[in-house]
Each structure stands twice: as structure tokens, then as C-alpha cells.
Amino acid sequence: MSVLVVGSVALDTIETPFGAVENVLGGSATYIAVAASYFTSPIRLVGVVGGDFPQQGISFLEDRHIDLTGLQVIKDGKTFRWSGRYHYDLNERDTLSTELNVFEKFEPKILEKNRKSRYVCLGNIDPILQRKVLDQTENPRVIICDTMNYWIERKSRDLLETLKLINVVILNDSEARLLSKEPNLIKAARVIRAMGPSIVIIKKGEHGALLLTEQVVFSAPAYPMENIFDPTGAGDAFAGGFAGWLARTDDITEENLKRAVIYGSTLASFCVEKFGVEGLSDLTYLQIQDRFREFRELSRFEED
Ligand code: AMP
């Protein structure tokens, strides 16, 4: 099943206590598309880059068989750039700079051939743009939407309009509290479900993730990582793994949603093991399956 992915395609400069990289391939759409590409095809990426975007970046995405016909290239513009520095506690991150560049005037255009995509994954971008994407799609089966505190604080009315149109929202714990104005995450999810999405996923960083539907509260463990080099893109890799698995199976029963959450967590765990998208560059389906099974063992116990 096809997945339409919309979001930022970026050149990131990242500093963590373990090293630094400059102008490497990044962006929410990039991480989502690459993670999803391990499960299904076609993955259709919609975004914008400038004339300075390296051919290496294009080749990397093409090697993952990601359809780039929806990627706009503004020849005389500069690619979106983001720079961040992580603290010794990798949960803490300072954004050092955000240069929107070509992203500032980004108008997502969904090509005729991509409008019927059955799964749509909206990366963390302006909720107005997310809605413009949905205006151009034709009856997707599942719409998954990522967001962040920036949009909750600055464009809450627009975000509320977008939330009415989607099926799955993915956010982290502090964003869920901010959006719902409710400190308890179970209650927060109920408030958010009333805003539109019937499925709410709350990521809790190194403490795993919660899946909440009308019937189910499922708590996924976090993978006990010894070597985290760069948390950038973990949330997007989660969304990509989740969307990719759902699209591969085209099954949105609650049992399969739980599996999708574990595949999302699996891809996020690979992502943080290396800098930038490198952790997602060279996986095999067998490696993914092995780690998926390790997740199951993590919280399996015998009654007596
Ligand atoms: P995450 O670590 O999941 O927050 O994702 C990090 C990615 O988001 C990086 O690759 C950045 O290029 C991208 N990013 C950072 N800020 C923004 C923004 N304001 N809009 C869109 N993408 C962004």
C-alpha cells in the first residue's frame, strides 16, 4: 500500500556529547519516508529543497526506492537548515538555528498520481499546510499526523481544525499535556480523542509509548539502549515505522495497531544509534524483525 509523506527535507547540523556533524540529510519527511520504506512501497515524499541540496541526499532517498516526483526543487533557493545541540542528558536539546529558506513559501502540491494514496503521514509542519495536503488527497484510509509544541502554542486554532480531519495523532508527553491542558496522560488522550483523532499515540522518550483508542490502553516498552549517539529524528522514525507497518498490512485492528507501535519503536531505536539518518541507512528486514521480537521479550513474564 502506498504512503504519502509530507514534511521538511533539511540539512541538519547536530552536536551531541558524542560528536558533531554538519549539513547532513535530515528533516521530518526524510526520517518518516526512510523508516517507512523498510515496510512498503511506494513511499511518495512531498517536500521542497533548494538548488544547494546535495545529489548525495537525492541518491540516498532513491536508493531506498522513495518516489521523489513530489519533491520540489527551487533552483535559486536554499534548503531548509536546522541546527541543534543536545545536552549530556540527551532528552534536553537546544535549537541553535532554524533557517526556513525555501520552506518559508512551501505550498505542498500533490501530483494527480499521488492523490489516491491510501495512507497519508503528515510530518510536523504548519497545520495549515497539513490541511492543504488533505484538501488534495482523495479518501485516504488512514491519516497520521505528527505535531509539536511550536504549533500547539502558536497555531492552536489551525491545529484543532487539522485534528478534526485525521485518524491518528502522534505527540510526546509534554505536547499531549499542553494540547489537552490535562496533566494525566490517560485523561489527556481522552481529551485529544474528543478533538478528532480516534487513535492517540503518546511518546515518552526513553520510557516507551502509549497507544490509546476507545477500547485500548497499550503501553509499549522502550528499548534499553546502551549507545545513543543522536536522538534527532527518533520521533519521525517512529511515525515512519508505524505508518509503514500499517500500510504493509492494511490492517487497523487494535492488535495490529499495537504491532505498529512496536515497529515504530524499533525504527526509532535504530535511528538513535548513529548520527542523522545513518542509523536508518542500511538495515535488513531480518534485523528489524529481531529487534521487534526483543521488544516482545522485554515485557513478557510468566504468571507463575
Ligand atoms: P525530531 O528530532 O523528531 O524533532 O526531528 C528533527 C528533524 O526535524 C530535523 O531533521 C530537522 O531538520 C526537522 N525540523 C526541526 N525544526 C523544524 C521545523 N520548525 N519545521 C520542520 N522541520 C523541522
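Attention here is on the structure that accompanies the text.

## Quick notes on the site of the ligand
Around the ligand there are 15 residues in total, and Ser8, Asp12, Gly27, Arg93 and Gly233 lie nearest to it. A distance of 2.4 Å separates an oxygen atom of the ligand from a polar side-chain atom of Asp12. In this structure, Gly27 approaches the ligand through a main-chain N or O atom, which is 2.6 Å from an oxygen atom. In isolation the ligand offers 510 Å² of accessible surface; the protein chains occlude 85% of this area. Among the residues forming the shell around the ligand, the class breakdown is five nonpolar, seven polar and three charged.

## Some points on the side chain of Thr213
Within the fold, Thr213 resides in the loop between β13 (209-212) and β14 (217-220). We classify Thr213 as buried; its relative accessible area is 10%. Setting aside its immediate chain neighbours within four residues, Thr213 contacts Arg193, Ser198, Ile199, Glu254 and Leu257.

## Structural notes on a negative patch on the surface
On the surface, a cluster of negative charge is made up of Asp89, Glu92, Asp94 and Glu206. Structurally, Glu92 is set in the loop between β7 (80-86) and β8 (93-99). The exposure class assigned to Glu92 is partly exposed, which follows from its relative accessible area of 42%.

## A look at the packing of aromatic side chains
For the structure on display, the rule yields ten aromatic pairs. Note on Phe80 and Phe103: the rings are 5.2 Å apart at their centroids and 45 degrees apart in plane angle, and the pair reads as tilted. Of the two residues, Phe80 is situated in strand β7 and Phe103 in the loop between β8 and β9 (119-122); the sequence distance between them amounts to 23 residues. Like Phe103, Phe80 is buried. For the pair Tyr223 and Phe295, a centre-to-centre distance of 5.5 Å together with 40 degrees between the ring planes defines the contact as tilted. Taken together, the residues span a long stretch of sequence, with Tyr223 in the loop between β14 and α8 (234-249) and Phe295 in helix α10 (residues 285-298) at a distance of 72 residues. Summarising the burial analysis for this pair, Tyr223 and Phe295 share the class buried. Among the aromatic residues, those joined into a cluster by ring pairs are Phe39, Trp245, Tyr263, Tyr285 and Phe292.

## Topic: the pattern of salt bridges
For the structure on display, the rule yields 17 salt bridges. The closest approach of N and O atoms between Lys258 and Glu255, which form a salt bridge, is 3.0 Å. Taken together, the residues Lys258 and Glu255, both in helix α9 (residues 254-271) and three residues apart, mark about one turn of the helix. Here Arg291 ties to Glu273 by a salt bridge, and the two come within 2.9 Å at their closest N and O atoms. Taken together, the positions of Arg291 in helix α10 and Glu273 in the loop between α9 and α10 put the pair 18 residues apart, joining distant regions of the chain. Residue classification places Arg291 among the buried positions, given a relative accessible area of 9%.

## Brief notes about the nonpolar core
Counting 63 residues, the largest nonpolar core has Ile201, Phe242, Val261 and Leu280 as the members making the most contacts within it. Counting residues in each nonpolar core, the second largest holds 39 residues, with Ile14, Trp82, Ile166 and Phe275 among its members.

## Re the pairing of strand β10 (residues 142-146)
When a strand is regular, its side chains alternate between the sheet's two faces. Counting buried positions along β10 yields five of five residues, so the element is predominantly enclosed. The alternating pattern of β10 places Val142, Ile144 and Asp146 and Ile143 and Cys145 on opposite faces, both of which are buried. The sheet contact formed by β9 and β10 spans four bridges and is parallel. Each bridged residue has a counterpart across the sheet, and for Val120 the counterpart in β10 is Ile143. Between the parallel pair β9 and β10, the chain is carried across by helix α3 (residues 127-135), and the sense of this crossover is right-handed. In terms of strand pairing, β10 meets strand β11 (residues 168-172) through three bridges, oriented parallel. Following the sheet pairing, Cys145 is matched in β11 by Val169.

Conventions we followed
Residues numbered from 1 in each chain as written. Predicted model: local features only at pLDDT ≥ 70, side-chain atom pairs only at ≥ 80, totals over all residues. Heavy atoms only, no water. Near = heavy atom within 4 Å. Polar contact = N/O pair within 3.5 Å; in protein donor to acceptor, adjacent residues only side chain to side chain. Areas by Shrake-Rupley, 256 points an atom, 1.4 Å probe, with all protein chains shown as cover. Nonpolar A, V, L, I, M, F, W, Y, C, P; charged D, E, K, R; others polar. Helix = DSSP H or I, 4+ residues; strand = E, 2+ residues; numbered from the N terminus. Buried < 20%, exposed > 50% of the residue type's maximum accessible area, 1.4 Å probe, protein only. Contact = heavy atoms within 4.5 Å. Patch = residues over 30% accessible without salt bridge, like charges linked within 9 Å, V, L, I, M, F, W, Y side chains within 5 Å. Salt bridge = Lys/Arg side-chain N within 4 Å of Asp/Glu carboxyl O. Lys, Arg positive; Asp, Glu negative; His and termini not counted. Charge placed at Lys NZ, Arg CZ, Asp CG, Glu CD. Phe/Tyr/Trp six-rings, centres within 6.5 Å; stacked < 30°, edge-to-face > 60°. Core = buried A, V, L, I, M, F, W, Y, C linked by side-chain atoms within 4.5 Å. Pairing = 2+ DSSP bridges. Right-handed = clockwise from strand over helix to strand, strands pointing away.

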